Amino acid sequence: MGVLDGKIAVVTGGAGSLGLASARRFVAEGARVLLVDRDEAGLRAAAAALGGRAETFAADVADATAARAYLDAAATRLGAIDVLFSNAGISGAIRPVTDYPEDVFDAVMAVNVRASFLACKYGLPRMRDGGSIVITSSVVGVTADPGIAAYATAKHAVIGLMRVVAKEAAPRRIRVNVIAPGPIDNGFQREVEKGLSGAIGRDATAFLDGIIPLGRHGRAEEIAETVLHLASDRSSFTTGSVIMADGGMHI
Ligand SMILES: NC(=O)c1ccc[n+]([C@@H]2O[C@H](COP(=O)([O-])OP(=O)(O)OC[C@H]3O[C@@H](n4cnc5c(N)ncnc54)[C@H](O)[C@@H]3O)[C@@H](O)[C@H]2O)c1
């Protein structure tokens, strides 16, 4: 008996590292899953990795029409949504604010913030009472570092969104929480660290390991376990919360 038996889950950024790892846990615990991503080849690979046990939908989650379309597809192809994991994200540039490109700022805000707003706006009417929304923020949703004006602003913003929606959705017993991962050993973070190494003039991976109390990067599977906890009734009295999964980096 799985903790998500019979549940319907939607995962955005489902072709990526944290989305796929979470979807893998959802499927293993009995959920039927719709993976949403703009990367069509990645979606095919992700569905294959799940042994064909997930549906896919290609969409730009920051576009309102596309957001309605993927949420409609979930509801019509699978049924009313129990779990909505708004997880797609991009990191943007590493530049001082005085030199930060405006188009990159807008793109980062669109994928990280506007897309989560759209997921909540169009997802809630398609959700079953008692469901769970999880939004991916970051350790820099509660802290900040030089050079990441767009990313840190976006990851802070989704915490505000989550708190509002948690209060609005509570009468329907729909819980809304944020997962805030620290640096993960995956391709997304490796790209970030390439840029960061240039900016700080030393190896960013070793630097980060040095400031994370647990002394290492996280694994996608560790984040997926925490997302599963928030998605399932195991966290039935948790809403409006920011759950840190960062090896203590925010302390
Ligand atoms: N990797 C880390 O260290 C880390 C740490 C903290 C937070 N995060 C956050 O975790 C989330 C998942 O990141 P990941 O590490 O799995 O990276 P990833 O790049 O592997 O996955 C992100 C996915 O989002 C998709 N995506 C991007 N823009 C999209 C759009 N407009 N529409 C649809 N899909 C889009 C990408 O195609 C990709 O598959 C992101 O929100 C990221 O900011 C990651």
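Keep in mind it's a predicted model, so treat the numbers as computed, not measured.

**Student:** Kindly report on the nonpolar core, identifying the contributing residues and their values.
**Tutor:** The biggest cluster of nonpolar side chains holds 45 residues, and the ones touching the most others in it are V36, Y70, L84, I133, I135 and V176. For this core, the elements supplying multiple residues, two or more each, are strand 1 (8–12), strand 2 (32–37), helix 3 (64–77), strand 4 (81–86), helix 4 (102–123), strand 5 (127–136), helix 5 (149–169) and strand 6 (175–181). Counting residues per element, this core draws most heavily on helix 5, which supplies nine residues. Setting aside chain neighbours within four positions, we find I135 in contact with S86, S116, C120, V158, L161, M162, N177, V178 and I179. Listed in part, the 29 residues of the second largest apolar core include A9, A23, V83 and V134.

**Student:** How would you summarise the pattern of salt bridges if you had to cite specific residues and measurements?
**Tutor:** Pairing between side chains of opposite charge can happen when their charged atoms approach one another. Evaluated as defined, the whole model comprises 11 salt bridges. One salt bridge connects R190 with D185, and the closest N-O pair in it is separated by 2.9 Å. Note on R190: relative accessible area 47%, which makes it partly exposed. Across the pair E191 and K194 runs a salt bridge whose closest N-O atoms are separated by 2.8 Å. In this pair, E191 and K194 both sit in helix 6 (residues 187–200), three residues apart, roughly one turn of the helix. With respect to class, E191 is no different from K194; both count as exposed. Look at the salt bridges and you will find they share partners, linking R25, E29 and E225 into a network.

**Student:** Outline the packing of aromatic side chains, listing residues and values.
**Tutor:** Under the defined criterion, the tally for this structure stands at one aromatic pair. Summarising the aromatic geometry, the rings of Y151 and F188 are spaced 6.3 Å apart at their centres and angled 45° between planes, so their arrangement reads as tilted. You can see Y151 sitting in helix 5 and its partner F188 sitting in helix 6, a full 37 residues away along the chain. The exposure class assigned to Y151 is buried, which follows from its relative accessible area of 12%.

**Student:** Tell me about the site of the ligand, residues and numbers included.
**Tutor:** The environment of the ligand is made up of 28 residues, and the closest members are L18, D37, N87, Y151 and I184. With respect to the ligand, the side chain of D37 contributes an N or O atom lying 2.6 Å from an oxygen atom. N186 places a side-chain nitrogen or oxygen 2.9 Å from an oxygen atom of the ligand. Breaking the shell around the ligand down by element, the ones donating at least two residues are helix 1 (17–28), helix 5 and helix 6.

**Student:** With reference to specific residues and values, describe helix 3.
**Tutor:** Its 14 residues place the ends of helix 3 20 Å apart at the C-alpha level, agreeing with the 20 Å of an ideal helix rising 1.5 Å per residue. Along helix 3, the residues classified as buried are A66, A67, Y70, L71, A73 and A74. Across the axial projection of helix 3, the buried residues extend over an arc of 150°, all falling on one side. Of the exposed residues in helix 3, the ones pointing more than 90 degrees away from its buried face are T65 and T76. Check the buried side of helix 3 and you find it contacts strand 1, strand 2, strand 3 (54–58), strand 4 and helix 4. Put simply, D63 is the residue that caps the front of helix 3, since its side-chain oxygen is 3.2 Å from the backbone nitrogen of T65. G79 occupies a position one or two residues after helix 3 and carries a positive phi of about 125°.

**Student:** I'd love a proper account of helix 2 (residues 40–49), names of residues and values included.
**Tutor:** Taken together, the buried positions of helix 2 are occupied by G42, L43, A46 and A47. What you see down the axis of helix 2 is that its buried residues fit within an arc of 135°, all on one side. Exposed residues pointing more than 90 degrees away from the buried face of helix 2 are listed as R44 and A48. Of the surrounding elements, those touching the buried residues of helix 2 are helix 1, strand 2 and strand 3. The residue sitting at the N-terminus of helix 2 and contributing the capping side-chain oxygen is D39; that oxygen lies 3.3 Å from the backbone nitrogen of A41. In the segment just after helix 2, G51 is the residue with positive phi, at about 65°.

Procedures and definitions
- Position labels on residues start from 1 in each chain and follow its written sequence.
- Reporting of local features is limited, given that this is a predicted model, to residues whose pLDDT is at least 70; pairs of side-chain atoms are given and counted only at 80 or more, and all residues count toward the totals for whole chains, interfaces and linings.
- Side-chain metrics rest on all non-hydrogen atoms present in the structure, leaving aside hydrogens and water.
- What is meant by a nonpolar core is a set of buried Ala, Val, Leu, Ile, Met, Phe, Trp, Tyr and Cys residues, joined one to another through side-chain atoms within 4.5 Å.
- Using a 1.4 Å probe on the protein chains alone, a residue whose accessible area is under 20% of its type maximum counts as buried, one over 50% counts as exposed, and one in between counts as partly exposed.
- Strands are runs of DSSP state E lasting at least two residues, helices are runs of H or I lasting at least four, and both sets are numbered from the N terminus onward.
- Contacts were defined at the residue level, with two residues in contact if any of their heavy atoms lie within 4.5 Å.
- We count a salt bridge whenever a side-chain nitrogen from Lys or Arg sits within 4 Å of a carboxyl oxygen from Asp or Glu.
- Each Phe, Tyr or Trp ring, with Trp reduced to its six-membered ring, pairs with another whose centre is within 6.5 Å; inter-plane angles below 30 degrees give stacked pairs, above 60 give edge-to-face pairs, and intermediate values give tilted ones.
- Being near a molecule or strand, for a residue, comes down to having at least one heavy atom within 4 Å of it.
- Two N or O atoms form a polar contact when they lie within 3.5 Å of each other; inside protein one atom must be a possible hydrogen donor and the other a possible acceptor, and for residues adjacent in sequence the pair counts only when both atoms belong to side chains.
- Every helix has an expected span of 1.5 Å times one less than the residues it contains.
- In this context, the arc is that of the directions from the helix axis out to the C-beta atoms.

These results come straight from atomic positions and should not be treated as a statement about function.
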